[in-house]
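Spelled out, the chains give:
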Amino acid sequence: MSSDIETLAVFGGTPRFSRILPVGQLYFPDWESYEAEMRGIFEREYFTNHGPLARQFEQELADFLEVRHALCVTNATVGLVIVSVALSLTGKVIVPSFTFIASAQALTWAGLEPVFCDVEVSTGHLSVELAEELITEDVKGILGVNLWGGTCGPRDFESLAHHHGLSLFFDSAQAFGCTASGRRLGGYGAAEVFSFHATKTLNSTEGGCITTNDDDLAARMRNIRSSYGAGSPVDVPITTNGRFSEAQAALGRLSLSRFHANVERNAQLWARYAQALKSVQGIAVLPPALVDESNWQTLSCVVDPGRFGLHRDQLLSILKAERVNARRYFYPGCHRSPPYKDSLPQYRDALPNTDALCETVLQLPLGAQLEPTDIDEIVALIDLIQRHSGEIARRFSS
Ligand code: T4K
């Protein structure tokens, strides 16, 4: 029995995989298509700031998402800052702590104070019930976050925000292409922000876009996006550099043309994991929450240390040694990260569901670099680890 353990790289065996299995999409288009797109950029001699390819991509995105405006930006972090400034809010904004740090820090960059809300333990998302409890006179908005190819239920948040007269916008960085309550994400709230980071289902290396159906808001955001402007000049309090280059647009367009095929492939890989992991004790796969259609960009699961026999972080370290680049999105939660762990200490022990998820959630590799046989091997590895968890735990503690 212990001879099986000796094969683990963490105990001196050879790593099971000869290459690193990345956590997310990493779709690379074929070289010929890329070369053709780049040749066009060289011929037009136009690199950045609302160039012809970026404008074309924006139109394609707006059509795809069925919104009036899609504004491409350098990355979703800058996009979130731009929306937060353009909405002209002051005071406090409700946001989950269980999210990537950029969601909360965008508010801080815009001079707003995050009010950290707990999430539902079954979905990892905000709910209107949890958010409503935090609405006070000082709260002026809600930043909903749609995670892991799922959502927090944006239509219900529209009703809540309308009822309380609050601004509402969404961090949909991980939810490009998802639909909820019969509508594609992009048109919910005042604006939504998507990420086109390399690990996302739609990628342009770095990048992102802001979507809105509000013409005035779109004009303000276009002017904030570039310190020397693009489009008709309007009054804005401050500007930044959130410009999207032609090279980003080239890759984004190629990725968009493959989007449905990549999503379909991810859906199959996801289903393969979900089926195989059913027989592994102590691992529960989290399906994308509250969507009609997911982009299947993430395989999230919860590792129950009592039933699995090891803590999530012990499993993670064993997987990493085997070159399985699993991730813990998110750890340790925004409320326990700088600057908030010091500046907003009142949240330290106020978010039990967030704390529980930060300790147990794991993302397993998915995306263009993964083959079905990789999934089978990863699950077999996790199963082996679980079956030997007692002995492994003893070795870790000695
Ligand atoms: N809101 C939410 C809810 C978000 O999840 C994010 C970002 C944002 C806002 C902000 O969006 P952006 O400003 O990033 O557009 C990642 C990504 O950097 C980030 O985009 C993502 N969410 C976050 C959840 O995770 P890391 O540090 O885990 O990713 P990174 O760059 O280390 O990549 C993951 C692994 O993939 C690497 O360890 C190796 C592999 N990889 C990565 C890249 C970029 C490769 O093999 N090749 C590559 O080119 O943060």
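In what follows, the accompanying structure is described. (Residues numbered from 1 in each chain as written. Predicted model: local features only at pLDDT ≥ 70, side-chain atom pairs only at ≥ 80, totals over all residues. Heavy atoms only, no water.)

1. A word on the overall build of the chain
To be explicit about the condition: Each helix is a run of H or I in the DSSP string that is no shorter than four residues. Each strand is a run of E no shorter than two, and both are numbered from the N terminus. Throughout, radius of gyration means the C-alpha value; the globule benchmark is 2.2 Å times the number of residues raised to the power 0.38. Relative accessibility thresholds used throughout: buried, under 20% of the residue-type maximum; exposed, over 50%; partly exposed, between the two (1.4 Å probe, protein chains only). Pairs of residues are marked as contacts when any of their non-hydrogen atoms sit within 4.5 Å. Only the protein chains shown count as cover for residues, and all accessible areas are computed by the Shrake-Rupley method using a 1.4 Å probe. Charge counting follows a simple rule: Lys and Arg are positive, Asp and Glu are negative, and His as well as the terminal groups are ignored. Note on charges: their place is set at NZ of Lys, CZ of Arg, CG of Asp or CD of Glu.
Counting its regular elements, the chain contains 16 helices and 12 strands. Taken over the C-alpha trace, the chain has a radius of gyration of 22 Å; the compact-globule value for 398 residues is 21 Å, and the two agree within 12%. Per-residue burial over the chain gives 56% buried out of 398 residues. For the chain, long-range pairs separated by at least 24 residues make up 72% of all intrachain contacts whose partners lie at least 6 apart in sequence. Of the roughly 16,500 Å² of accessible surface on the chain, a fraction of 52% belongs to carbon and sulfur atoms. Charge centroids of the chain, computed over 33 positive and 46 negative side chains, lie 4 Å from each other.

2. Details of the site of the ligand
To keep things clear, this is the line we draw: A molecule or strand has a residue near it when one of that residue's heavy atoms lies within 4 Å. Identification of polar contacts relies on pairs of N or O atoms within 3.5 Å, with a donor-acceptor requirement for protein atoms, meaning one able to donate a hydrogen and the other able to accept it, and with residues adjacent in sequence counted only if both atoms are side-chain atoms. Residues are grouped as follows: nonpolar covers Ala, Val, Leu, Ile, Met, Phe, Trp, Tyr, Cys and Pro; charged covers Asp, Glu, Lys and Arg; every other residue, Gly included, is treated as polar.
Taken together, 23 residues surround the ligand, and among them Thr77, Asp171, Ser195, Arg327 and Tyr329 come closest. A distance of 3.0 Å separates an oxygen atom of the ligand from a polar atom in the backbone of Ala76. Here an oxygen atom of the ligand and a side-chain polar atom of Lys200 are 3.0 Å apart. Considering the ligand on its own, with 900 Å² of exposed area, one finds that the protein chains cover 73% of that surface. Looking at the shell around the ligand, the elements with two or more residues in it are α4 (76–86) and α5 (101–109). Among the elements that make up the shell around the ligand, the one with the highest residue count is α4 (3 residues). A class-by-class count of the residues in the shell around the ligand yields 10 nonpolar, 10 polar and 3 charged.

3. Observations concerning the pairing of strand β3 (residues 113–117)
Put simply, the rule reads: Should DSSP find at least two bridges between two strands, the strands are taken to pair. The handedness of a crossover follows from its direction of travel: if, with the strands pointing away from the viewer, the path from the first strand over the helix to the second runs clockwise, the crossover is right-handed.
Counting buried positions along β3 gives 4 out of 5 residues, so the element sits mostly inside the fold. In this sheet, β3 lies alongside strand β2 (residues 92–96) in parallel orientation, the contact comprising 5 bridges. Note on β3: the bridge partner recorded for Ile94 is Val115. A crossover links β2 with its parallel partner β3, the connecting element being α5, and its sense is right-handed.

4. Re the pairing of strand β4 (residues 139–145)
Within β4, 6 of the 7 residues are buried, which leaves the element mostly enclosed by the surrounding structure. Of the strand pairs in this sheet, β2 and β4 are connected by 3 bridges, and their pairing is parallel. The residue of β4 that forms the bridge with Lys92 is Val139. Inspection of the sheet shows β4 paired to strand β5 (residues 167–171) by 5 bridges, in the parallel sense. The residue bridging Leu143 from the neighbouring strand is Phe169, located in β5. The β-α-β motif built from β4, the intervening helix α7 (residues 154–164) and the parallel element β5 has right-handed crossover chirality.

5. Quick word on the sheet that holds strand β12 (residues 361–364)
Quick reminder of the rule: Lines fitted to the C-alpha atoms define the axes, with helices restricted to the stretch that makes contact. Angles between their N-to-C directions range from 0 to 180 degrees.
Spatially, β10-β11-β12 is the arrangement adopted by the 3 strands of the open sheet, whose pairing is antiparallel. Each of the sheet's edge strands pairs with one partner strand only, and the pair in question is β10 (283–286) and β12. Each strand of the sheet is rotated relative to its neighbour by a mean of 35 degrees, with strand direction disregarded. The sheet contact formed by strand β11 (residues 299–303) and β12 spans 4 bridges and is antiparallel. Bridge pairing in β12 links Ser300 to Gln363.

6. Brief notes about the pattern of salt bridges
To keep things clear, this is the line we draw: For salt bridges, the criterion is a side-chain nitrogen of Lys or Arg within 4 Å of an Asp or Glu carboxyl oxygen.
A full pass over the atoms with the stated rule returns 20 salt bridges. Between Arg68 and Asp215 there is a salt bridge, and its shortest N-O distance comes to 2.8 Å. Here Arg68, found in the loop between α3 (52–65) and β1 (69–73), pairs with Asp215, found in helix α8 (residues 215–225); they are 147 residues apart in sequence, far enough to count as distant. Note on Asp215: relative accessible area 37%, which makes it partly exposed. Shared partners join several salt bridges into a network, and the residues in it are Glu6, Glu391, Arg394 and Arg395.

7. Some remarks on the sheet that holds strand β9 (residues 208–212)
Strand order in the open sheet made by the 7 strands is β1-β9-β8-β5-β4-β2-β3, with mixed pairing throughout. Pairing within the sheet leaves two strands with one partner each, and these edge strands are β1 and β3. Here the strands of the sheet are splayed against their neighbours by 25 degrees on average, with no regard to which way each runs. Pairing geometry for strand β8 (residues 191–195) and β9, over 4 bridges, is antiparallel. Among the inter-strand pairings, Phe194 is bridged to a residue of β9, identified as Cys209. Contacting β2, β3, β4 and β5, α5 crosses the sheet at an angle of about 150 degrees to β3. Contacting β1, β8 and β9, α8 crosses the sheet at an angle of about 15 degrees to β1.

8. Comments concerning the side chain of Gln386
Relative to the helices and strands, Gln386 is located in helix α15 (residues 372–387). For Gln386, a relative accessible area of 11% translates into the label buried. A distance of 3.5 Å separates the side chain of Gln386 from the backbone oxygen of Phe308, its partner in a polar contact. With residues near it in sequence (within four places) discarded, Gln386 still touches Val280, Gln281, Arg307 and Phe308.

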